[in-house]
Amino acid sequence: MNLKAKSALFAMLFMCIAAFAQDSVTIKGAVVDAEYSMPLPNVNVIIVGTSTGASTDFDGNYQIQAKKGDVIQFSYIGYTAKTVIVGAQTTVNVALGVDANTLEEVVIVGYGTQKKSHLTGSISKVTNEDLDQIAVSRVDDALVGQVSGVNIAATQGEAGSAPTIRIRGTGSVSGSSDPLIVVDGLVVDNDYLGSLNMNDVASFEVLKDAASAAIYGSRGGNGVIMITTKEGKSGKTKFTYNTLTGFKEARQSEDYYFSVAETAAAELAATGTLSDRTKYKQLIGIDNDWQNIIFDGGVITTHSFSARGGDDKTKFSTSLGYIHDEGVLLTDEVKNYSYKLRLDTKLTDKLSMGINLNPSFNDKRRFDGSTHDILRQTSWLPVYHDENTIRFVDRGTYPDVQVGDYATQRHFDNYDLYGDGSTLVDISNTSNTNPAAKVLERQRNEYKLKLRASLYGKYDFNDNLSFKSTIGGDYQNTVRERNQGPLASRNGESAVQYDEEVLNVSRLVSDNFLSYNKGFGNHDVSAVLGASSELQKGEYKATRLTGYNSELEGTLGGTTTVGAGNQFEYKQALFSYFLRVNYAYDDKYLASISLRRDGSSVFGEDNKYGTFPAASLGWNISKEDFLSESEVVNNLKFRVSYGVTGNNALRIASNSVLDNNALINYYPSLSLASNFSYAGDSAISAINIANPDLKWERSVEINPGIDFGLFNNRITGSVDVYKRTSDQLLLSNPISNTTGFSEALVNIGKVENRGIELELRTKNVNTQDFKWTSTMLASRNKNELIDFADSNGQILNVDSKRAAEWINQVGQPISSFYGWVVESDIPLEYIANPYHPIGGEAQDVYVKDLNGDGVIDDDDKTKLGDPYPDIVWSFTNDFQFGDVDLSFMFQGSHGAEVRNMGDQYLFNHFNSSQDFISSTPNQQFIKQKIFTDDIIQDASYVALRTVSIGYNFTDKLLDKTLFSKARVYATGQNLLYVTASDYTGFNPESVDNTSATTYGYQRGGSPIQRTISVGLNLEF
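Computed from a predicted structure; not experimentally measured.

The rules we used
Residues numbered from 1 in each chain as written. Predicted model: local features only at pLDDT ≥ 70, side-chain atom pairs only at ≥ 80, totals over all residues. Heavy atoms only, no water. Helix = DSSP H or I, 4+ residues; strand = E, 2+ residues; numbered from the N terminus. Rg over C-alpha atoms; globule rule 2.2 N^0.38 Å. Buried < 20%, exposed > 50% of the residue type's maximum accessible area, 1.4 Å probe, protein only. Contact = heavy atoms within 4.5 Å. Areas by Shrake-Rupley, 256 points an atom, 1.4 Å probe, with all protein chains shown as cover. Lys, Arg positive; Asp, Glu negative; His and termini not counted. Charge placed at Lys NZ, Arg CZ, Asp CG, Glu CD. Core = buried A, V, L, I, M, F, W, Y, C linked by side-chain atoms within 4.5 Å. Domains from an automatic or database assignment. Buried area = accessible area lost by both parts, 1.4 Å probe. UniProt positions renumbered as here; feature names shortened; annotations may be inferred. Pairing = 2+ DSSP bridges. Axes fitted to C-alpha atoms, helices over the stretch in contact; angles between N-to-C directions. Salt bridge = Lys/Arg side-chain N within 4 Å of Asp/Glu carboxyl O. Parallel < 35°, antiparallel > 145°, perpendicular 65-115°, else oblique. Left-handed = near helix turned anticlockwise from the far one by under 90°. Nonpolar A, V, L, I, M, F, W, Y, C, P; charged D, E, K, R; others polar. Phe/Tyr/Trp six-rings, centres within 6.5 Å; stacked < 30°, edge-to-face > 60°. Lys NZ or Arg CZ within 6 Å of the ring centre and 35° of its normal. Arc of directions from axis to C-beta. pLDDT = per-residue confidence, 0-100.

**Regarding the overall build of the chain**
- The number of helices and strands found in the chain is ten helices and 52 strands.
- Taking 1020 residues into account, the globule formula puts the C-alpha radius of gyration at 31 Å, and the chain, at 33 Å, falls close to it.
- Once the C-alpha set of the chain is aligned to its principal axes, its extents read approximately 120 × 70 × 60 Å.
- Burial status across the chain gives 51% buried among its 1020 residues.
- At a minimum sequence separation of 6, the contacts of the chain that also span at least 24 residues come to 69%.
- In the structure as shown, the chain presents an accessible area of about 44600 Å², 54% of it carried by carbon and sulfur atoms.
- Of the side-chain charges in the chain, 91 are positive and 124 negative, and the distance between the mean point of each set is 9 Å.

**Here we look at the nonpolar core**
- Counting residues in each nonpolar core, the largest one holds 45 residues, and the members touching the most others are Y280, I284, W380 and F412.
- Those elements that place two or more of their residues in this core are α4 (276-284), α5 (290-294), α6 (371-375), α7 (435-440) and α9 (902-906).
- It is α7 that provides the largest number of residues to this core, a total of three residues.
- Looking at this core, you find at least three residues from each of domain 3 (254-288 + 381-426) and domain 4 (789-1019).
- Among all residues touching W380, those that are not within four sequence positions of it are V260, K281, I284, I286, Q409, F412, I427 and I838.

**What to know about the domain arrangement of the chain**
- Segmentation of the chain into domains returns domain 1 (23-96), domain 2 (106-238), domain 3 (254-288 + 381-426) and domain 4 (789-1019).
- Spacing between the C-alpha centres of domain 2 and domain 4 amounts to 26 Å.
- Taken residue by residue, the interface counts 22 residues in domain 2 and 29 residues in domain 4.
- For the domain 2 and domain 4 pair, buried surface summed over both sides reaches about 1800 Å², with 49% attributable to carbon and sulfur atoms.

**Side note on the UniProt feature "domain: TonB-dependent receptor plug" (unreviewed entry) in the chain**
- The sites that UniProt annotates as "domain: TonB-dependent receptor plug" (unreviewed entry) are residues 116-224.
- Segment residues 116-224 splits into 4% helix and 26% strand. End C-alpha atoms: 17 Å apart.

**Observations concerning the sheet that holds strand β6 (residues 82-85)**
- Overall, antiparallel pairing links the four strands, which are arranged β3-β2-β5-β6 in an open sheet. Bordering the open sheet on either side are β3 (53-55) and β6, each of which pairs with just one other strand. Taking the axes of each pair of neighbouring strands and ignoring which way they run, one obtains an average angle of 20° across the sheet.
- Across three bridges, strand β2 (residues 44-47) lies against β3 in antiparallel orientation. Bridging from a neighbouring strand, I46 pairs with G53 of β3.

**Let's talk about unusual backbone geometry**
- Of note, the bond from H836 into P837 is cis; its omega dihedral lies within 30 degrees of zero at 0°.
- With a phi close to 50°, D184 is a non-glycine residue in the positive phi region.
- In this structure, D184 sits in the loop between β13 (180-183) and β14 (186-188).
- Of the residues examined, D184 reaches a relative accessible area of 24% and is grouped as partly exposed.
- Although it is not a glycine, A789 adopts a positive phi angle of roughly 50°.

**Looking at the sheet that holds strand β7 (residues 94-96)**
- If you trace the three strands from one edge of the open sheet to the other, you get β4-β1-β7, paired in mixed fashion. Looking at the sheet topology across the chains shown, the edges are occupied by β4 (61-67) and β7. Strand after strand, the sheet turns through a mean of 35° between neighbouring axes, direction not considered.
- Examined bridge by bridge, strand β1 (residues 24-33) and β4 share seven bridges and lie antiparallel to one another. When the sheet's bridge partners are listed, S24 is paired in β4 with K67.

**Description of the pattern of salt bridges**
- Scanning all chains against the criterion turns up 49 salt bridges.
- Between E701 and R168 there is a salt bridge; the shortest N-O distance is 2.6 Å. With E701 in strand β34 (residues 697-710) and R168 in the loop between β12 (164-167) and β13, the pair connects residues that are 533 residues apart, well separated along the chain. Pair check on accessibility: E701 and R168 agree, each one buried.
- E841 is the partner of K929 in a salt bridge, and the nearest nitrogen-oxygen pair spans 3.3 Å. Here the residue K929 occupies a position in the loop between β47 (926-928) and β48 (936-938), and E841 occupies one in the loop between β41 (822-825) and β42 (844-847), the gap between them amounting to 88 residues.
- The exposure class of K929 is buried, given its relative accessible area of 5%.
- A cluster of three or more residues bridged by salt bridges with shared partners is formed by D189, D191, R219, E446, K448, K450, D474, R480, R507 and E534.

**Examining the packing of helix α3 (residues 260-271) against α4**
- One can describe the packing of α3 onto α4 by two numbers: an axis separation of 10 Å at closest approach and a directional angle of 150°. On the basis of their axis angle, the class for α3 and α4 is roughly antiparallel. Crossing hand, α3 versus α4: left-handed. In this structure, α3 contributes V260, A264 and E267 to the contact, and α4 contributes T278, K281 and Q282.
- Among the residues forming the contact of α3 with α4, the class breakdown is two nonpolar, two polar and two charged.

**A look at the packing of aromatic side chains**
- This model, assessed by the stated rule, comprises 38 aromatic pairs.
- Considering the side-chain rings of F612 and W696, the 5.7 Å spacing of their centres and the 55° angle between planes classify their relative orientation as tilted. With a gap of 84 residues between them, F612 in strand β30 (residues 609-620) and W696 in the loop between β33 (681-686) and β34 connect regions that are remote in the sequence.
- Look at W696 and you get buried, because its relative accessible area is 4%.
- Among the aromatic side chains, those forming a connected cluster through ring pairs are F770, W772, F879, F881, F888 and F890.
- Here the guanidinium or amino end of K861 rests over the ring plane of W820, the centre of that ring lying 4.7 Å away.

**Concerning the environment of F412**
- Position of F412 relative to the elements: it lies in the loop between α6 and β22 (415-416).
- Along the primary structure F412 and N922 are separated by 510 residues, whereas in three dimensions their C-alpha atoms are 38 Å apart.
- With near-sequence residues (within four places) excluded, F412 lies in contact with Y280, I284, W380, L381, P382, H385, T389, F392, A407, V425 and I427.

**Topic: the environment of G643**
- By the element assignment, G643 lies in strand β31 (residues 633-647).
- For G643, a relative accessible area of 0% corresponds to the buried category.
- Taking the C-alpha atoms as reference points, G643 and F711, separated by 68 residues in sequence, lie 34 Å from one another.

**Quick notes on the environment of V183**
- Tracing the backbone shows V183 in strand β13.
- On the basis of relative accessibility, which here comes to 0%, the residue V183 falls in the buried class.
- Distance in space between the C-alpha atoms of V183 and V201 is 9.6 Å, their sequence separation being 18 residues.
- Beyond its immediate chain neighbours, meaning those up to four positions away, V183 contacts V188, Y192, I227, T229 and R452.

**Some remarks on α4**
- Within the span of α4, buried status applies to T278, Y280, K281 and I284. Viewed end-on, α4 has its buried residues packed into an arc of 160°, placing them on one side of the element.
- Contacts made by the buried residues of α4 are with α3, β22 and β23 (424-425).
- Following α4 by one or two positions, G285 adopts a phi angle in the positive range, close to 80°.

**Some words on the pairing of strand β27 (residues 523-546)**
- By the bridge criterion, 24 bridges tie strand β26 (residues 497-520) to β27 in an arrangement that is antiparallel. From the neighbouring strand, K518 faces β27, where its bridge partner is V525.
- Between β26 and β27, which pair antiparallel one after the other, the connecting turn spans two residues, and G521 there sits at a positive phi close to 65°.

**Let's talk about the confidence of the model for the chain**
- Residues with a pLDDT of 70 or more make up 93% of the chain, whose mean pLDDT is 87.
- Taken as a whole, residues 1-22 scores under 50 in pLDDT and shows two contacts with residues more than four places along the chain or in a different chain.

Okay, here's the thing in structure tokens:
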């Protein structure tokens, strides 16, 4: 091409560009909601027929280059798209109206989805809008107060420990009452929630009624929590980075603070003088609050980085997560590393497939001690000896104690108080080692590697019929180590031991099902037909090693003795068929039926299979002509459901170094044997009696409910009433001793849970500059034992040394506290040494003679309370002021009680120094406090669970940065936590893991954690 030609071409291009530049103008404007005039962020604004596009900012504003005659299209999910032809105007403001067809909320149900307006069961949905801004190391901790009918209690306070979750009460005696967990359609174990990154979670669906959960058959009896993780979206890849740092402290108990100074002042006021013991304690000059030492607080840090994107054919979502939670207990911490990949692709117009991969590693150091044992130590005792306290050591008994050594109470005995040998004072009340040494000189670690993966293929035969096949599985390797050093016990090297447990579990799952969805005329039909199979294998090994010398503690080669051991393998299989059909006529009349048949290897030969049907009906009365034009009622739906579910999760024995009965959990119907030593020889003995008729526990539930929306859905909510009867309970029932056993596992018990649930959501203010919404949730559940066969009225205890009693009685809750009723305390003048030890109390009280026969015996015992709340509620408010948002949640529980055995330890009830003296009157009416309602305490509480304030940076501020979105926030958890006046402990939610028949036992426990955190969210 010659120079003239090149010059001519260049001139033509220049004129075209100039002409376009002259015609092109900047169009600006705002896009708002047509009903509320609220700005709509992220609205797609495109020039039709071109690749030119833009999107609205947080305030709904946009800017785009266009020419006269161009067609601008405004589109937003859930709204009807609108087009505008460019004329002479340079400002185009648009109001988008709601698209009733596309705005319909979709809810995840078992093996599919369903329109919320077509639901006939009780399902609650929680989307992850700001749950990832709560500083917790487990995703289930963030669900507290989010769903009515779901009670989540912080029963264990260690970092990374699982809360106790109950959906509509406790329905099993020997089995687990934990809900089933399903992630992206596949069943996982409950512990998986400790390795899941909250930033990967899109939503939670909670299937509460049996009709909704029946599609999971023998595992749906305690409800189902379904978790959907985030998926990729077509468009430009978006990278996000989320981080937070929180500072944690423990809620302490004022009742358990024992001061030398306060005790001395009380003694002086009462007697006019101080005892030699008190003078000596003052002389030592130490006044510790052991709560400050053991509850040392910590920091929680989380980091999450993700990338999500794709195109019309392939979408991906991948992320890395890290959590480090130091907890609030001495030595307590957990670290979690996770990776997630989700990939979905369309190979053809009809065939699609995807993979889901999620490895994680959890490294936990546990608090190896008991708060009740540590905190009962006296306040005058230091952790370590210093130059001052070393002067008081009894050198005759402890000649080798040096500065820097752990201090024990016995070190301070036999002290010559006046220096003349006339008065040797003993002030110890225990020979235990230093309480801090019990924790610091023990190492208790847990390492957990998990790998979860799944692969699916889906073929669409047409627009209505598809087939999906998923194969998935998970593998878990858990190693638990516990090393007790010589300084951790008063028994020194003779008490040194090393425990190791190794658990390997693998599970393979295959789900295959057809899905059908068809709308014709006024009829909508959807159906699912499929089969599922699952195989789980486990291997457990445990060893306890003793006989160490000090140089080789905690190593396999340094021991001379195997103190105990346990090893077993197990295999479980489940095969199922399932069917569900949903029908809607004219969006008014709704029906759903489902059926699942499970075959399990767990139960007896005569009951390998079980059938679990369900049916439900609904009536969208607001769609009727007489309400369709109502300005008050926008949505009103009546529904009723009936369903049958099962429970196959047994918790009869524990997996531990010393428990040889653990296999019963996996083979309850078979007669099993274990090794034992007899007369110095190895022998085998049966540990249970076979029962070929054994089958899973069953729950039958009926649930009428109402969903409503009023005043343009400014007020929405639901009311559910339910009655769930759990029968065929697995119960160890007394049998004839001629069998060689005293009891056998049979299906015989029956428990009923009935209650009411309320969800109320309001849009109080909804303007462009200010929004305020509120959510009120409340639930009430009553638990009642209906049938307990020959075990009716049985009286149990948790600890034979401190045999406080529970009773299991028909007509009462499963577990009820039992004992004598307190009449009054014994006056101090009848108590020996009332001011020693510091913080001590007498262990005895006067009790009531209920039958008036002048004798205190078992006939005077009665029910003292129960551990189940009458009502659980939460109240949440969300505010938005422009780019600033504020939210808070109050949550409470009322009516539950705990048996706080911690009082016996921390108030030194068993210390003989404070026994009643021989001249005490009416001694026939005196009993120990632990057998009375003295330690039955109100476990009610009201908590400010979360309060959060955040700021979203505007597009104007971000224009010159790499970021498309940025947010900073601060969050507080449990900043206010109010308990009942008679509760003395740290945490009314904390209970020991005993059993359903002895529930509500608290022995010190772990404290409620207060956290203040700051966080940052970035998108680019």
